Amino acid sequence: MLESAPLRIALFSDSALPILNGVSISIDLLIRELRRQGHSVHLFTASHFRHQDRDPNIHRFPAFQTPWTRGYPLAIPPFYPMLREFRRHTFDVIHSHTPFTIGFVGLRWAQSHDLPIVATYHTLYDKYVHYVPFFPKWYVRYKTAKHTNFYFDSVDHVITPSEAAQKWLRRHSVQTPMTVISTGVSPPAPRDRSEARLGLGIDPNAKVLLYVGRIAREKNMLTLIKAASLAMRGDPRLHLIIVGDGPFRRDCEAEVRNQGIGDRVEFTGYIPRERVSEYYATADLFVFSSMTETQGLVVVEAMSYGLPSVVVQGGGAAEAVEDGVNGFLVRNDPEVIADRIAACLENDDLYVRLSREAQATARAYSPEVTASKVVAVYREAIRNSSSNGIYAAAST
């Protein structure tokens, strides 16, 4: 295969739009940019309620929802009807974005069709064991680590979005070749802040803290709310907007009431992806408390709008932040977080410098650069594969 020839790529993921999270957003951006560069991309993922795709190259497995995976449908067998669809096409490489049901299907089909497979390690799965019912957490954590090790040692190449994610896999004895490739972010659409605030009914004189993401226990949301409460005591203009939804929302709403800041905090609930930019455009400062991320996609998105960030240290979310340059890295302490919020918003010269550097940082995370690096990994996997990387649809 010529090094410059367009590739035929099959992506496999349990999570994809319209589910709104870092994995689905990164997959959507990657697909768009790969196609813009001339490659053919098919996505194999789970069905999502009544959602209908306009893209004919999206193939959805039958799926159902459980009380423990609300909002996240799980693909169910039999899978052979989709195998017939898979065999109707010709692929050069498979790219898995999950080590679970659909990702495992992708692995088996890669093996049975002599196709190279690349896998991206998006999530620190052992941080999510509290969602698995009935079994002791230590047991689920142990089995998750064993399965993660098996899966990522079974593929040809692993992509991690951060050094932190790569270190986790290495600590768990994954020996597969790895490449760190940060997820790209789309350049922001120009928006006037005054008009954006007017459209959302936000006081033009308010100082707005913004969080974007799932509202979940592992996101350390209670610490964020306590920090916002402390910061609000010193600044009557301060408001917090929490964009997103999730299973921990009621607990967070209760904490907001307990802190006595219910009139200064807004929970937007689920916001369509295309409208999240309106909230970035209205904000003054991005705040992020999660220590379980493999990357900080929303942090970089906020930076692209010129928003400095106050980010709790730990995990991959902090890797885009250079302390005191484009934001602040802080320990997991509400008082320290509140202090940095105040320092950033009360010093105009500091704020302008942080904002300028945040935008400069975001420019290095372009989708074009990311996709080109991913394609380079695809080509390396194809070269190193014992097969020629092509499964002919006519073969059996």
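Residues numbered from 1 in each chain as written. Predicted model: local features only at pLDDT ≥ 70, side-chain atom pairs only at ≥ 80, totals over all residues. Heavy atoms only, no water.

S.K.: How should the overall build of the protein chain be read in this particular structure?
M.R.: For the protein chain, the helix and strand inventory stands at 13 helices and 15 strands. Relative to the compact-globule value of 21 Å for 396 residues, the protein chain shows a C-alpha radius of gyration of 22 Å, a close match. Across its three principal directions, the C-alpha atoms of the protein chain cover 70 × 50 × 40 Å. Pairs at least 24 residues apart make up 68% of the contacts formed inside the protein chain by residues separated by at least 6 positions. If you sum the accessible surface of the protein chain, you get close to 18,100 Å²; carbon and sulfur atoms cover 51% of it. (Helix = DSSP H or I, 4+ residues; strand = E, 2+ residues; numbered from the N terminus. Rg over C-alpha atoms; globule rule 2.2 N^0.38 Å. Contact = heavy atoms within 4.5 Å. Areas by Shrake-Rupley, 256 points an atom, 1.4 Å probe, with all protein chains shown as cover.)

S.K.: How do you make sense of the nonpolar core when you look at a structure like this?
M.R.: One recurring pattern in soluble globular proteins is that nonpolar side chains are buried together. Counting residues in each nonpolar core, the largest one holds 67 residues, and the members touching the most others are Leu-209, Leu-210, Tyr-280, Phe-286 and Ile-341. Not counting chain neighbours up to four residues away, the residues in contact with Ile-341 comprise Leu-209, Ala-231, Leu-238, Leu-285, Val-287 and Val-310. Ranked by size, the runner-up nonpolar core spans 29 residues in total, among them Ala-75, Met-82, Phe-91 and Leu-169. (Core = buried A, V, L, I, M, F, W, Y, C linked by side-chain atoms within 4.5 Å. Buried < 20%, exposed > 50% of the residue type's maximum accessible area, 1.4 Å probe, protein only.)

S.K.: Looking at this structure, I do not really get the packing of helix α7 (residues 221-233) against helix α11 (residues 334-346). What am I missing?
M.R.: Relative placement of two packed helices is described by the angle separating their axes and the distance separating the axes. Closest axis-to-axis distance for the α7/α11 pair is 8 Å, and the angle between their directions is 50 degrees. Taken together, the axes of α7 and α11 lie oblique to each other. Where α7 crosses over α11, the handedness of that crossing is right-handed. Contacts between α7 and α11 involve Thr-223, Lys-226, Ala-227, Leu-230 and Ala-231 from the former and Pro-334, Glu-335, Ile-337, Ala-338 and Ile-341 from the latter. Counted by class, the contact of α7 with α11 contains 7 nonpolar, 1 polar and 2 charged residues. (Axes fitted to C-alpha atoms, helices over the stretch in contact; angles between N-to-C directions. Parallel < 35°, antiparallel > 145°, perpendicular 65-115°, else oblique. Left-handed = near helix turned anticlockwise from the far one by under 90°. Nonpolar A, V, L, I, M, F, W, Y, C, P; charged D, E, K, R; others polar.)

S.K.: Would you mind going over the sheet that holds strand β8 (residues 157-160) with me for this structure?
M.R.: Two modes of strand pairing occur in sheets, parallel and antiparallel, and in both the strands are linked by backbone hydrogen bonds. Ordered by their spatial adjacency, 7 strands build an open sheet running β3-β2-β1-β6-β7-β8-β9, and the pairing between neighbours is parallel. Of all the strands in the sheet, the pair left with one neighbour each is β3 (58-61) and β9 (178-180). In this sheet, adjacent strand axes meet at a mean angle of 20 degrees when their direction is disregarded. One ladder, built from 3 bridges, connects β8 with β9; its direction is parallel. Note that in β9 the partner of Ile-159 across the bridge is Thr-179. Against the sheet, helix α2 (residues 80-87) contacts β1 (8-12), β2 (40-46), β3 and β6 (93-96), and its axis sits at roughly 165 degrees relative to β3. (Pairing = 2+ DSSP bridges.)

S.K.: Hey, could you run me through the packing of α7 against helix α8 (residues 249-259) in this one?
M.R.: Axis separation between α7 and α8 bottoms out at 10 Å; the angle between their running directions is 25 degrees. If you check the angle between α7 and α8, you find them roughly parallel. Considering how the two elements wind past one another, α7 and α8 form a crossing that is right-handed. Within the contact between the two elements, α7 uses Met-221, Leu-222, Ile-225, Lys-226, Ser-229 and Arg-233 and α8 uses Asp-251, Cys-252, Glu-255, Val-256 and Gln-259.

S.K.: Could you clarify how one ought to interpret the pattern of salt bridges in this entry?
M.R.: A side chain of one charge can pair with a side chain of the opposite charge if their charged atoms are brought near each other. Enumeration over the complete set of coordinates arrives at 18 salt bridges. Ionic pairing is found between Asp-284 and Arg-197, a salt bridge with its closest N-O pair at 2.8 Å. Of the two residues, Asp-284 is situated in the loop between α9 (276-282) and β13 (285-288) and Arg-197 in helix α6 (residues 193-200); the sequence distance between them amounts to 87 residues. Of the two residues, Asp-284 and Arg-197, neither departs from the other in class, the shared state being buried. (Salt bridge = Lys/Arg side-chain N within 4 Å of Asp/Glu carboxyl O.)

S.K.: It is not clear to me how the side chain of His-157 should be interpreted in this structure. Could you clarify?
M.R.: Turning to its location among the elements, His-157 is positioned in strand β8. Judged by relative accessible area, His-157 falls into the buried class, the value being 4%. For His-157, the side chain forms a polar contact with the side chain of Thr-179, separated by 2.7 Å. Other than its neighbours up to four places away in sequence, His-157 contacts Ile-117, Val-118, Ala-119, Thr-176, Pro-177, Met-178, Thr-179, Val-377 and Glu-380. (Polar contact = N/O pair within 3.5 Å; in protein donor to acceptor, adjacent residues only side chain to side chain.)

S.K.: Which parts of the structure should I look at to understand the environment of Val-369?
M.R.: With respect to the helices and strands, Val-369 occurs in helix α13 (residues 367-384). A C-alpha to C-alpha distance of 28 Å links Val-369 and Ala-46, two positions 323 residues apart in sequence.

S.K.: Explain α8 to me, please; I cannot follow it from the model alone.
M.R.: Where α8 is concerned, the buried positions are Cys-252, Glu-255 and Val-256. For α8, the angular spread of buried residues about the axis comes to 105 degrees, placing them on one side. In α8, the exposed positions angled more than 90 degrees off the buried face are occupied by Arg-250, Arg-257 and Asn-258. Against the buried residues of α8 lie α7 and β12 (265-269). In the segment just after α8, Gly-260 is the residue with positive phi, at about 70 degrees. (Arc of directions from axis to C-beta.)

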